[in-house]
Amino acid sequence: VQLQASGGGLVQAGGSLRLSCTVFGNIFSPNIMGWYRQAPGEQREPVARILSRGSLDYGDSVKGRFTTSRDNNKRTIDLQMDSLKPEDTAVYYCAAHDLSTLNMYWGQGTLVTVSS
C-alpha cells in the first residue's frame, strides 16, 4: 500500500489550499483514513479523519475551517483548508489505518506554509 499526497504550497493567511491523497493498493474495511500534520518541533497530530463508519473527526484547531472527504472510486482523500492561519504551517501527511490488520500507512508528506 502506498499513499501519495499533493497540493501543498505557500499561501497567505486567510487563503485556501486543497490537499489530495491517492491510495495505491488495497486497504480493507474497517479502516480510518485521514490527515495528520507535524509542525517544526512539535509532535504529529491528527487534523481530520474519516472513521470506519464514515463519521468525521476534526482537530479542535481546524473545526469549521477544514473539510475532509473521500472518493472510493478515485481512491482519493482530500483536505480542503480554508481561512488558513500561520499556525497551520506544517508538513501534512495523509494516512490510512487498516483496522483489520492494524497496519498504518503514511504518505510522504506535503509542506503547507501560511504567511502572515
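Comments concerning the sheet that holds strand β3 (residues 17-24)
Read from one edge of the open sheet, four strands run β1-β3-β8-β7, paired in antiparallel fashion. In this open sheet, the two edge strands, each paired with only one partner strand, are β1 (2-6) and β7 (66-71). When the angles between neighbouring strand axes are averaged without regard to direction, this sheet yields 15°. Inspection of the sheet shows β1 paired to β3 by five bridges, in the antiparallel sense. The residue of β3 that forms the bridge with Gln-2 is Phe-24.

Concerning the side chain of Thr-76
As for its position among the elements, Thr-76 is in strand β8 (residues 76-81). Assessed through its relative accessible area of 14%, Thr-76 is described here as buried. Once residues within four sequence positions are removed from consideration, Thr-76 is found in contact with Ser-20, Cys-21, Thr-22, Ser-69, Arg-70 and Asp-71.

Description of the nonpolar core
Judged by nonpolar contacts, the single largest core of 27 residues is most densely connected at Trp-35, Val-47, Phe-66, Leu-79, Met-81 and Tyr-92. For this core, the secondary-structure elements that each account for two or more residues are β1, β3, β4 (31-38), β5 (45-50), β8, β9 (90-98) and β11 (110-115). Contacts of Val-47, omitting those with residues within four sequence positions, involve Trp-35, Tyr-36, Arg-37, Asp-57, Tyr-58, Gly-59, Val-62, Phe-66, Leu-79 and Tyr-92.

The rules we used
- Residues numbered from 1 in each chain as written.
- Predicted model: local features only at pLDDT ≥ 70, side-chain atom pairs only at ≥ 80, totals over all residues.
- Heavy atoms only, no water.
- Pairing = 2+ DSSP bridges.
- Helix = DSSP H or I, 4+ residues; strand = E, 2+ residues; numbered from the N terminus.
- Axes fitted to C-alpha atoms, helices over the stretch in contact; angles between N-to-C directions.
- Buried < 20%, exposed > 50% of the residue type's maximum accessible area, 1.4 Å probe, protein only.
- Contact = heavy atoms within 4.5 Å.
- Core = buried A, V, L, I, M, F, W, Y, C linked by side-chain atoms within 4.5 Å.

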